[in-house]
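If you want the building blocks of each chain, they are given just below.
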Amino acid sequence: MKRIIICVTNDLSADQRVHKTALTLKNRLGKEVWVIGRKRKNSPRINRSYRTKRFRLPVNKGPLFYAFYNFRLLLFLLNHRYTEILSNDLDTLPAARVAAGLKRVKLFYDSHELFTEVPELINRPRVQNIWSWLERTCVKRVDRFYSVCKPIAEIYEKQYNKKVEVIRNVPLYRPRQETEKYDKPTLIYQGALNIGRGIELMIETMEFLPRFQLIICGRGDVEDELQHKASEQKSKNIHFKGHVDFETIQTITSKAHIGLSWEENMGLNYYYALPNKLFDYIQARIPVLVADLPGMKSIVEQYGVGEVLDERQPEKIAEQIVQIFEKRHTFGAALENAAGELNWNKEEQKLIDIFS
């Protein structure tokens, strides 16, 4: 049996992409799967059908975190046997590249985003240059390379003259179920609470939507600032749920009425973003309101599952939300069709082809 080590820097509890990948490699290709992540103080317990290992590290953010994680990961990889490594994102690739070279095993790379173009780096050129150098150095050793959408894959292909395949971040298919909705008209945002996600704009928009409530699921770098902004606004209709595991969030999303994804045009990574929350909303059969950016806009227009922001002014957005809510039932057939097309049951065949 072939053993594959999957590497990621999060705590595994909310990473649907890595979980789906692990299940496909285990159940469809018969591989022995180990998934390596990290454990934080507030990390919940996890129970998976594949083996997991989470490192406890002395620091959990900044340059020292990445250094400690890659050092710890490298020690682990050098002291275990396996036939393949799958590195998820650039922050796990240095250790994976060294280990793959020393062990003479295949190295697969799944880039979930344009790492060097995230908002946290585009205004820090020195740090961005370091990550760019690491990427150039490590990608040369990668045997198979894939990413989350065609525009990002094309950028990588042009940069590194290397074939980059596309596996979209779509969820497992779930048959439509009649779900009891929240009593109040409910908007939902799920995902990281980081800069450039448009969450500040969502909070400001709620001032003009007294009948609605906004549920925010996730944690991130600007979580405290967002909660402070919501409390200053004295909004009683904004609810922060914190970390929610991906089994529970399906229920919460299904009870909402409209899904939000309002990323700002802050670098190429967000400009071409095709976030998993968009597909999660579709699988929950709720219409979406997304930013006027190419990736998300193309899905909304192709499948007719919602609308694109007309303007980024809170009062105007509130009017658009009310209109979507009032005609929400007209999206039913389009959402059902899109849910049948945009799901992991179909997408995983691409992964199987790559790892076969």
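Coordinates for the structure precede this section.
Presented here is a report on the structure given in the accompanying data block. All figures in this text were calculated on a predicted structure; none of them were measured in a lab. Along each chain, the written sequence defines residue order, and numbers are assigned to residues from 1. Local features in a predicted model are, by the rule used here, given only for residues with pLDDT of at least 70; side-chain atom pairs are given and counted only at 80 or more, and totals for whole chains, interfaces and linings are based on all residues. No hydrogens and no water enter the side-chain calculation; it runs on all heavy atoms of the structure.

On to the pairing of strand β5 (residues 106-111). Three labels apply to residues, based on accessible area from a 1.4 Å probe with only protein chains included: buried if under 20% of the type maximum, exposed if over 50%, partly exposed otherwise in between. Helix numbers and strand numbers start at the N terminus; a helix is a DSSP run of H or I with at least 4 residues, a strand a run of E with at least 2. Burial within β5 is extensive, with 5 of its 6 residues counted as buried. DSSP calls a pair of strands paired once it identifies at least 2 bridges connecting them. Two elements, strand β4 (residues 84-88) and β5, share 5 bridges in a ladder whose sense is parallel. Residue Leu86 lies in a different strand from β5, and its bridge partner there is Phe108. Crossover connection from β4 via helix α3 (residues 93-103) to parallel β5: handedness right-handed. For β5 and strand β6 (residues 144-147), the ladder comprises 4 bridges, and the chain directions are parallel. Counted as the bridge partner of Phe108 is Arg144 from β6. Here, the term right-handed applies to a crossover whose path from the first strand over the helix to the second runs clockwise when the strands point away from the viewer.

Attention shifts here to empty space enclosed by the protein. With a 1 Å grid spanning the protein atoms alone, the term cavity applies to any set of points in which a 1.4 Å probe fits but cannot get out, the term pocket to an open set with protein on both sides within 12 Å along at least five of seven lines, and the term lining residue to any residue with an atom within 4 Å of a point. Grid points are joined across faces, edges and corners, and a volume is the space filled by probe spheres set on the points. Taken as a whole and judged by the stated rule, the model has 1 cavity of 30 Å³ or more. Lining the largest cavity we find Gln16, Arg174, Gln190, Ile249, Gln250, Thr253 and Asp280. With 3 residues, the single largest contributor to the lining of the largest cavity is helix α9 (residues 248-255). When residues are sorted by character, Ala, Val, Leu, Ile, Met, Phe, Trp, Tyr, Cys and Pro go into the nonpolar class, Asp, Glu, Lys and Arg into the charged class, and all the rest, Gly among them, into the polar class. Taken together, the residues that form the lining of the largest cavity break down as 1 nonpolar, 4 polar and 2 charged.

A separate point is the sheet that holds β4. Spatial ordering of the open sheet is given by β3-β2-β1-β4-β5-β6-β7, a layout of 7 strands whose pairing is parallel. In this open sheet, the two edge strands, each paired with only one partner strand, are β3 (51-56) and β7 (165-166).

Okay, the environment of Leu278 next. Checked against the element boundaries, Leu278 lands in helix α11 (residues 276-283). We classify Leu278 as buried; its relative accessible area is 0%. Through-space distance from the C-alpha of Leu278 to that of Val142 is 29 Å; in sequence the pair is 136 residues apart. Contact between two residues is taken to exist if any of their heavy atoms lie within 4.5 Å; hydrogens are not considered. Ignoring any residue separated from it by four or fewer positions in sequence, one finds Leu278 in contact with Val288, Val290, Met296 and Ile299.

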